[in-house]
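Below, each chain spelled out in residue letters.
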Amino acid sequence: QAGLATSVQDLLVGQTPGVVVTTSAGPEGGGQIRIRGGASLNASNDPLIVIDGVPLDNGGVQGMSNPLSMISPDNIENMVILKDASATAIYGSRASNGVIIITTKKGKSGKPQVNFSANMYVNTARKMWDMLDAQEYRSLVTKYHGADSDAVKAMGSANTDWQDEILRTTVSSDYNLSVGGTTGALPYRVAVSYTNNNGIIKTSKMDRLTVGLNLTPEFFDGKLKVNANAKGYYIKNQFADGGAIGAALSSDPTRTVYKDWKTLTYSETTGMPIMTANELYNGYNVWTAAGVLNSNSTMNAVSMLMDRDNHSEVLRSNGNLQLDYALLPDLRLNLNLGYDMSRSKEDNIVAFNSPLAFKNANN
């Protein structure tokens, strides 16, 4: 059962012996799947994914975490995992890391049936790292360095919970509509799904629209069986900088997120704004050395999220035409023609005057 899952990868977590699924914190459903562990130091250890008879490219698509993130769990009929070496006899060397075979739902004979489901999810961090608050941190620094030390003087007067500054509680949703039945002698199923998944890390988000068509007619008294299907996917991802989590855990809780913002003054000759130390770095509080950003220091975790626009758009389609003809009761001819095509675009834009821009320039 699909349950409360927005990605097929979520359905595999803890469900199959010998399959280890490590999910990421992003809403795009990224992560790692290992069947019976890794087999190579340098080559890919990802399993081969087959959807309705079409093996998908193991290389992946730019801007998409993995092929499993594009399928709506509500449209899956069943999944089969091949874990032993015999899988290579079917799919070749690509199956050396295991195979995940996904079969989507098909139309059934009878009157048209309409199914609609809607789910809403509340996403929140169930547990955070137990870090020192500002008062505990001040006491620790004072104890080891002394009340008159430079380390104590470098601390601020704030009480900032950096984890709370980069995490959030969000509401996500998904909607699935399918129509299946028989028109004349043609069984069919048409499905449309939309998923909106807002991540718990600020700025992270995924929007996914999938459309699928499946036809399963039979001819010559059932001797010739035809299975034709086509699927289209549109996925829009907004990626968050995962390094912000480590930066938040390493940040000084006595310092504020932003510096005091002062009114900009303008040059009488050029007309351009004259930036003081507070206007630099888009107002974020950063560590500096001799008035310049110290690129070896911990970055401002909030600026890493808010001053970076990393998004992607993916268009992908796959499908196949399968013909199965029974010459004799124990002899069948089977032809399977499939396709998998994609187009993607990813942008990674760092805001002007941001701490990240200065750090990139220094490096």
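Once a new chain begins, its residue numbering starts again from 1 and follows that chain's sequence as written. Where local features are concerned, this predicted model is filtered to residues with pLDDT of at least 70; where side-chain atom pairs are given and counted, the filter is 80 or more; whole-chain, interface and lining totals use all residues. Each side-chain value is worked out from all heavy atoms of the structure, with water and hydrogens disregarded.

### Some thoughts on the packing of aromatic side chains
Any two of the Phe, Tyr and Trp rings considered here, Trp counted by its six-membered ring, make a pair once their centres fall within 6.5 Å; the pair's planes then place it as stacked at under 30 degrees, edge-to-face at over 60, or tilted in between. Overall, the coordinates contain two aromatic pairs when judged by the stated rule. Considering the side-chain rings of Y281 and F358, the 4.8 Å spacing of their centres and the 70° angle between planes classify their relative orientation as edge-to-face. Here Y281, found in the loop between β14 (273–274) and β15 (288–289), pairs with F358, found in helix α8 (residues 355–362); they are 77 residues apart in sequence, far enough to count as distant. Over the ring of W287 we find R255; its NZ or CZ atom is 3.7 Å from the centre of that ring. In this text, helices come from DSSP runs of H or I with a minimum length of four residues, and strands from runs of E with a minimum of two, each type numbered from the N-terminal end. Placement of a charge over a ring requires the Lys NZ or Arg CZ to be within 6 Å of the ring centre, with the centre-to-atom vector within 35 degrees of the ring normal.

### Considering the pattern of salt bridges
Any carboxyl oxygen of Asp or Glu within 4 Å of a side-chain nitrogen of Lys or Arg constitutes a salt bridge here. The final tally for this structure, using the stated rule, is seven salt bridges. The salt bridge involving D207 is made with K205; its shortest N-O contact spans 3.8 Å. For the exposure calls, accessible area comes from a 1.4 Å probe over protein chains only, and a residue counts as buried if that area is under 20% of its type's maximum, exposed if over 50%, partly exposed in between. Classification of D207 by relative accessible area gives buried; the value is 15%. A network of salt bridges, in which partner residues are shared, links D52, K106 and K231.

### Observations concerning helix α3 (residues 134–145)
Helix length check: α3, at 12 residues, gives a terminal C-alpha distance of 16 Å against a target of 16 Å (1.5 Å per residue), a fit within 8%. Here α3 has its buried residues at A134, R138 and V141. Projected onto a plane normal to the axis of α3, the buried residues spread over an arc of 70° and lie on a single side. Residues Q135, K143 and Y144 are exposed on α3 and point more than 90 degrees away from its buried face. Residue count minus one, scaled by 1.5 Å, sets the expected span of a helix. Taken from the helix axis, the directions to the C-beta atoms give the arc we talk about.

### Thoughts on unusual backbone geometry
Glycine aside, negative phi is the norm for most residues, and most peptide bonds take the trans geometry. Positive phi is not limited to glycine here, since F220 has a value of about 55°. Residue placement: F220 occurs in the loop between β11 (218–219) and β12 (224–239). For N353, which is not glycine, the phi torsion reads 70° and is therefore positive.

### A look at the sheet that holds strand β4 (residues 54–55)
Two strands in a sheet stick together by hydrogen bonds in their backbones, pointing the same way (parallel) or opposite ways (antiparallel). When DSSP finds at least two bridges between two strands, those strands are taken to pair. Sheet architecture is open: four strands sit in the order β4-β3-β6-β5, paired in mixed fashion. The two strands at the open ends of the sheet, each matched to only one other strand, are β4 and β5 (76–82). In this sheet, β4 lies alongside strand β3 (residues 48–51) in antiparallel orientation, the contact comprising two bridges. Counterpart to V50 in the pairing with β4 is P55.

### Overview of the confidence of the model for the chain
Detailed conclusions should not be drawn from predicted coordinates in areas where pLDDT is low. In this model, the chain carries a mean pLDDT of 85, and residues with pLDDT of at least 70 account for 90%. On a scale of 0 to 100, pLDDT captures the predictor's confidence in every residue. Within the chain, the lowest mean pLDDT, 56, falls on β14, and the highest, 95, falls on helix α5 (residues 162–166).

### Examining helix α6 (residues 243–250)
Taken residue by residue, α6 has A244, A247 and A248 as its buried positions. The buried residues of α6 all sit within an arc of 100° when viewed along its axis, so they share a single face. The elements touched by buried residues of α6 are α5 and α7 (301–306). Whether two residues are in contact is decided by their heavy atoms, any of which lying within 4.5 Å being enough.

### Description of the environment of E165
Among the structural elements, E165 can be located in helix α5. Residues E165 and Y194, spaced 29 residues apart in sequence, show a C-alpha to C-alpha distance of 30 Å. E165 has contacts with T160, K202, V257 and V302, leaving out every residue within four places of it along the chain.

### Examining a nonpolar patch on the surface
Surface patches are drawn from residues lacking salt bridges whose relative accessible area is over 30%; two like charges belong together within 9 Å, two nonpolar side chains (Val, Leu, Ile, Met, Phe, Trp, Tyr) within 5 Å. For every accessible area listed, the method is Shrake-Rupley and the probe measures 1.4 Å; residues are considered covered only by the protein chains on display. On the surface, V114, F116, Y175, L177, V190, V192, Y194, L209, V211 and L213 cluster together into a nonpolar patch covering about 840 Å² of accessible area. Of all the secondary-structure elements, those providing two or more residues to the nonpolar patch are β7 (113–123), β8 (170–183), β9 (186–198) and β10 (205–215). Note on placement: V114 falls in strand β7.

### With respect to the environment of T203
Looking at the element boundaries, T203 is found in the loop between β9 and β10. Each C-alpha atom of the pair T203 and V286 lies 21 Å from the other, and the pair is 83 residues apart in sequence.

### Focus: the environment of T103
In this fold, T103 is placed in strand β6 (residues 99–104). T103 gets classed as partly exposed once you look at its relative accessible area, which sits at 22%. Spatially, the C-alpha atoms of T103 and K345 are 28 Å apart, while their sequence positions differ by 242 residues. Those residues in contact with T103, other than ones at most four positions away along the chain, are D52, I76, E77 and N78.

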